[in-house]
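# Coordinates in review
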Amino acid sequence: MVSKTYTINIVEGLHMRPAGIIAKEMVKFSSSVTLVFGEKRINAKSLINIISACIKNGAEVTFECDGEDEEAAIAKIEELAGQNFGE
């Protein structure tokens, strides 16, 4: 398992567009991808689950990838985070 922690720097938080980008990209991987926010463990391949977590600007989140292509999945998350998740 590999993981990376990020601080969300999007005024509206993880709303529909960035959540959709995350889910759309993560579904391409066979590894499980979990978004950890506080006590919540969220399937990062599910747009609805990401949005319903109500992740606000300034929140700290950790992405955990576990499986055969976990390194590629975490690399994609790093790329998305570098682009501020499309914002």
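Summary of the structure given here. (Residues numbered from 1 in each chain as written. Predicted model: local features only at pLDDT ≥ 70, side-chain atom pairs only at ≥ 80, totals over all residues. Heavy atoms only, no water.)

### A closer look at the packing of helix 1 (residues 16–26) against helix 3 (residues 70–82)
At a minimum axis separation of 10 Å, helix 1 and helix 3 run at an interaxial angle of 155°. By the angle class used here, helix 1 and helix 3 are roughly antiparallel. The two elements helix 1 and helix 3 cross, and the hand of that crossing is right-handed. From helix 1, Ile-21, Ile-22, Glu-25 and Met-26 reach across to helix 3, where they touch Ala-73, Lys-76, Ile-77 and Leu-80. (Axes fitted to C-alpha atoms, helices over the stretch in contact; angles between N-to-C directions. Helix = DSSP H or I, 4+ residues; strand = E, 2+ residues; numbered from the N terminus. Parallel < 35°, antiparallel > 145°, perpendicular 65-115°, else oblique. Left-handed = near helix turned anticlockwise from the far one by under 90°. Contact = heavy atoms within 4.5 Å.)

### Section: the packing of aromatic side chains
Under the criterion given, the structure shown has 3 aromatic pairs. Ring geometry for Tyr-6 and Phe-85: centres 6.5 Å apart, planes at 90°, overall edge-to-face. Taken together, the residues span a long stretch of sequence, with Tyr-6 in strand 1 (residues 2–7) and Phe-85 in the segment after helix 3 at a distance of 79 residues. Residues Tyr-6 and Phe-85 agree in their burial class; the two are buried. Among the aromatic side chains, those forming a connected cluster through ring pairs are Tyr-6, Phe-63 and Phe-85. (Phe/Tyr/Trp six-rings, centres within 6.5 Å; stacked < 30°, edge-to-face > 60°. Buried < 20%, exposed > 50% of the residue type's maximum accessible area, 1.4 Å probe, protein only.)

### Let's talk about the nonpolar core
Leu-35, Ile-55 and Phe-63 are the most contacted members of the largest nonpolar core, which totals 28 residues. Of all elements in the fold, only strand 1, helix 1, strand 2 (32–37), strand 4 (60–66) and helix 3 reach the threshold of two or more residues within this core. Of the residues forming this core, the biggest block, 5 residues, is contributed by helix 3. Once you skip the residues sitting within four places of it in the chain, Phe-63 turns out to touch Val-2, Ser-3, Lys-4, Tyr-6, Ile-22, Val-33, Thr-34, Leu-35, Ala-44, Ile-74, Ile-77 and Phe-85. (Core = buried A, V, L, I, M, F, W, Y, C linked by side-chain atoms within 4.5 Å.)

Interpretation note: all reported values are geometric properties and have no functional meaning in isolation.
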